[in-house]
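# Examining the three-dimensional arrangement
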Amino acid sequence: MEIPEFTCLCPRTGQPDFATLVLDYVPAARCVELKSLKLYVWSYRNVGAFHEAVTHRILDDLVRATRPRFMRLTAKFNVRGGIFTTVVAEHTQRGWMPAPEVRLDDLPG
């Protein structure tokens, strides 16, 4: 899932920070419902948070709500002070291993 309009506030200056969030996950019994995800993400619009902290907080909340086998949240923040920031946070369920990658160009044919 790609969420291109994430916004929170810099806790030091109060200025808005903008990011694109990319959520990759392997569900178990529960899935992320898109409207709920949208409303949850919008709840950060007036919240002061550092990039790393807010990325990990969102991941922790989503993991707690869905209990996935695997979840990765990538937050690609727009430039601030001449620096682009990308934060990646991951969760892997204990004992879960991904299936081996299937590469079509490796198949005989």
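That block above? That's the structure.
Report on the accompanying structure.

Residues Phe6, Leu21, Val54 and Ile58 are the most contacted members of the largest nonpolar core, which totals 21 residues. Of all the secondary structure elements, the ones that give two or more residues to this core are strand 1 (2-9), strand 2 (16-26), helix 1 (34-42), helix 2 (51-66) and strand 3 (70-80). With 5 residues, the single largest contributor to this core is helix 2.

By secondary structure assignment, the location of Glu52 is in helix 2. By relative accessible area, Glu52 is classed as partly exposed at 45%. Sequence separation of Glu52 and Leu37 is 15 residues, and the distance between their C-alpha atoms is 19 Å.

What follows covers a nonpolar patch on the surface. Side chains of Val102, Leu104 and Leu107 sit close together on the surface and give an oily, nonpolar patch of about 350 Å² of accessible area. Relative to the helices and strands, Val102 is located in the segment after strand 4 (83-92). Val102 sits in the exposed class, given a relative accessible area of 63%.

Mapped onto the elements, Thr66 comes out in helix 2. Here Leu62 takes part through its backbone oxygen, which lies 2.7 Å from a polar atom of the side chain of Thr66. Setting aside its immediate chain neighbours within four residues, Thr66 contacts Arg30, Cys31, Val32 and Met71.

As a further point, take the pattern of salt bridges. Here the structure, examined in full by the defined rule, presents 6 salt bridges. With a shortest N-O distance of 2.4 Å, Asp17 and Arg80 are connected by a salt bridge. Taken together, the residues Asp17 in strand 2 and Arg80 in strand 3 connect sequence positions 63 residues apart. The exposure class of Asp17 is buried, given its relative accessible area of 6%. On the accessibility criterion, Arg80 (37% relative accessible area) is partly exposed. Here Glu90 ties to Arg72 by a salt bridge, and the two come within 2.7 Å at their closest N and O atoms. Here Glu90 is found in strand 4, whereas its partner Arg72 is found in strand 3, with 18 residues between them in sequence. Since its relative accessible area comes to 47%, Glu90 is described here as partly exposed. One salt-bridge network, held together by shared partners, links Asp24, Arg72 and Glu90.

Each value, and the rule that gives it
- Residues numbered from 1 in each chain as written.
- Predicted model: local features only at pLDDT ≥ 70, side-chain atom pairs only at ≥ 80, totals over all residues.
- Heavy atoms only, no water.
- Core = buried A, V, L, I, M, F, W, Y, C linked by side-chain atoms within 4.5 Å.
- Buried < 20%, exposed > 50% of the residue type's maximum accessible area, 1.4 Å probe, protein only.
- Helix = DSSP H or I, 4+ residues; strand = E, 2+ residues; numbered from the N terminus.
- Patch = residues over 30% accessible without salt bridge, like charges linked within 9 Å, V, L, I, M, F, W, Y side chains within 5 Å.
- Areas by Shrake-Rupley, 256 points an atom, 1.4 Å probe, with all protein chains shown as cover.
- Salt bridge = Lys/Arg side-chain N within 4 Å of Asp/Glu carboxyl O.
- Polar contact = N/O pair within 3.5 Å; in protein donor to acceptor, adjacent residues only side chain to side chain.
- Contact = heavy atoms within 4.5 Å.

Honestly, it's all geometry; don't read function into it.
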